[in-house]
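This is what each chain is made of:
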Amino acid sequence: MPPATHRCFRWIAKLTADAAAAGVRLHVLVDARDGRLDGERIRAAVPEWRDASLWFCGPAGFGQTLRHDFATQGMPVDLRFHQELFAMR
């Protein structure tokens, strides 16, 4: 395994430990291994999604797609969908 890959696993392990210490349920997806993230996948992983808040940080277009997807599924996105207001370069 190349050294860069080892660093990735160390970062993921640290992030996982930090999330557990904070009481946050973390899901790590590697698209080459696990496929891409979408609203359907989030709803399958979080059965109580209708009562949850969704916090998004990432590409604006992806956030807009998720927001629209959850709105069409009945989530009150104005109250429960939170998205960072910056554009990635």
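Residues numbered from 1 in each chain as written. Predicted model: local features only at pLDDT ≥ 70, side-chain atom pairs only at ≥ 80, totals over all residues. Heavy atoms only, no water.

*Asks:* I'm lost on the overall build of the protein in this one. Help?
*Replies:* When helices and strands are counted, the protein shows five helices and two strands. Going residue by residue from the N terminus, the α and β elements of the protein occur as α-α-α-β-α-α-β. Taking all 89 residues of the protein together, 17% fall into the buried category. Total accessible area computed for the protein in this model is approximately 6900 Å², and 58% of it derives from carbon and sulfur atoms. (Helix = DSSP H or I, 4+ residues; strand = E, 2+ residues; numbered from the N terminus. Buried < 20%, exposed > 50% of the residue type's maximum accessible area, 1.4 Å probe, protein only. Areas by Shrake-Rupley, 256 points an atom, 1.4 Å probe, with all protein chains shown as cover.)

*Asks:* Can you walk me through the environment of Asp-69 in this structure?
*Replies:* Relative to the assigned elements, Asp-69 resides in helix 4 (residues 60–72). Judged by relative accessible area, Asp-69 falls into the partly exposed class, the value being 22%. C-alpha of Asp-69 to C-alpha of Asp-38: the two residues are 31 residues apart in sequence and 8.7 Å apart in space. The residues touching Asp-69, leaving out its near neighbours within four places in the chain, are Gly-39 and Arg-43. (Contact = heavy atoms within 4.5 Å.)

*Asks:* Mind showing me how you'd approach the pattern of salt bridges here?
*Replies:* When the charged atoms of two side chains lie near each other, side chains of opposite charge can form a pair. Enumeration according to the criterion identifies five salt bridges in this entry. The shortest N-O distance in the salt bridge between Arg-25 and Glu-48 comes to 2.6 Å. With Arg-25 in the loop between helix 1 (3–21) and helix 2 (31–34) and Glu-48 in the loop between helix 3 (39–45) and strand 1 (54–56), this residue pair connects regions lying 23 residues apart in the sequence. Assessed through its relative accessible area of 51%, Arg-25 is described here as exposed. We classify Glu-48 as partly exposed; its relative accessible area is 38%. For Asp-34, the salt bridge is made with Arg-33, and the minimal N-O distance between the two is 2.9 Å. (Salt bridge = Lys/Arg side-chain N within 4 Å of Asp/Glu carboxyl O.)

*Asks:* Would you mind showing me how to read the layout of surface pockets here?
*Replies:* Think of a ball as big as a water molecule: rolled over the atoms, this probe shows where empty space is left. Space inside the largest pocket adds up to approximately 1000 Å³. Every residue lining the largest pocket is counted, 30 residues in all, and those nearest its centre are Arg-25, His-27, Leu-37, Ile-42 and Trp-55. At the level of elements, helix 1, helix 3, strand 1 and helix 4 are the ones that each hand at least two residues to the lining of the largest pocket. Along the lines of polarity and charge, the residues of the lining of the largest pocket split into 21 nonpolar, four polar and five charged. (1 Å grid on protein atoms, 1.4 Å probe; cavity = no way out; pocket = protein on both sides within 12 Å on 5 of 7 lines; lining within 4 Å. Points joined across faces, edges and corners; volume = space filled by probe spheres on them. Nonpolar A, V, L, I, M, F, W, Y, C, P; charged D, E, K, R; others polar.)

*Asks:* What is the right way to look at the nonpolar core in this model?
*Replies:* Soluble, globular proteins show a tendency: their nonpolar side chains are buried together. One finds Ile-42, Val-46, Trp-49, Leu-54, Phe-56, Leu-66, Phe-70, Met-75, Val-77 and Phe-81 forming the largest nonpolar core, which totals 10 residues. Taken together, the elements giving at least two residues each to this core come down to strand 1 and helix 4. Once you skip the residues sitting within four places of it in the chain, Val-77 turns out to touch Arg-67, Phe-70 and Ala-71. (Core = buried A, V, L, I, M, F, W, Y, C linked by side-chain atoms within 4.5 Å.)

*Asks:* What is the right way to look at the packing of aromatic side chains in this model?
*Replies:* One pair of aromatic rings is described through two measures. These are the centre distance and the angle between the planes. Considering all chains together, one arrives at two aromatic pairs under this definition. Here the aromatic rings of Trp-49 and Phe-70 are separated by 5.6 Å at their centres, their planes lie at 70 degrees, and the arrangement is edge-to-face. Here Trp-49 is found in the loop between helix 3 and strand 1, whereas its partner Phe-70 is found in helix 4, with 21 residues between them in sequence. In this structure Phe-70 comes out as buried when scored by relative accessible area, which is 0%. With 5.4 Å between their ring centres and 80 degrees between their planes, Phe-56 and Phe-62 make a pair best called edge-to-face. Residue classification places Phe-62 among the partly exposed positions, given a relative accessible area of 30%. Of note, Arg-43 hangs over the ring of Trp-49, and the distance from its end group to the ring centre comes to 5.6 Å. (Phe/Tyr/Trp six-rings, centres within 6.5 Å; stacked < 30°, edge-to-face > 60°. Lys NZ or Arg CZ within 6 Å of the ring centre and 35° of its normal.)

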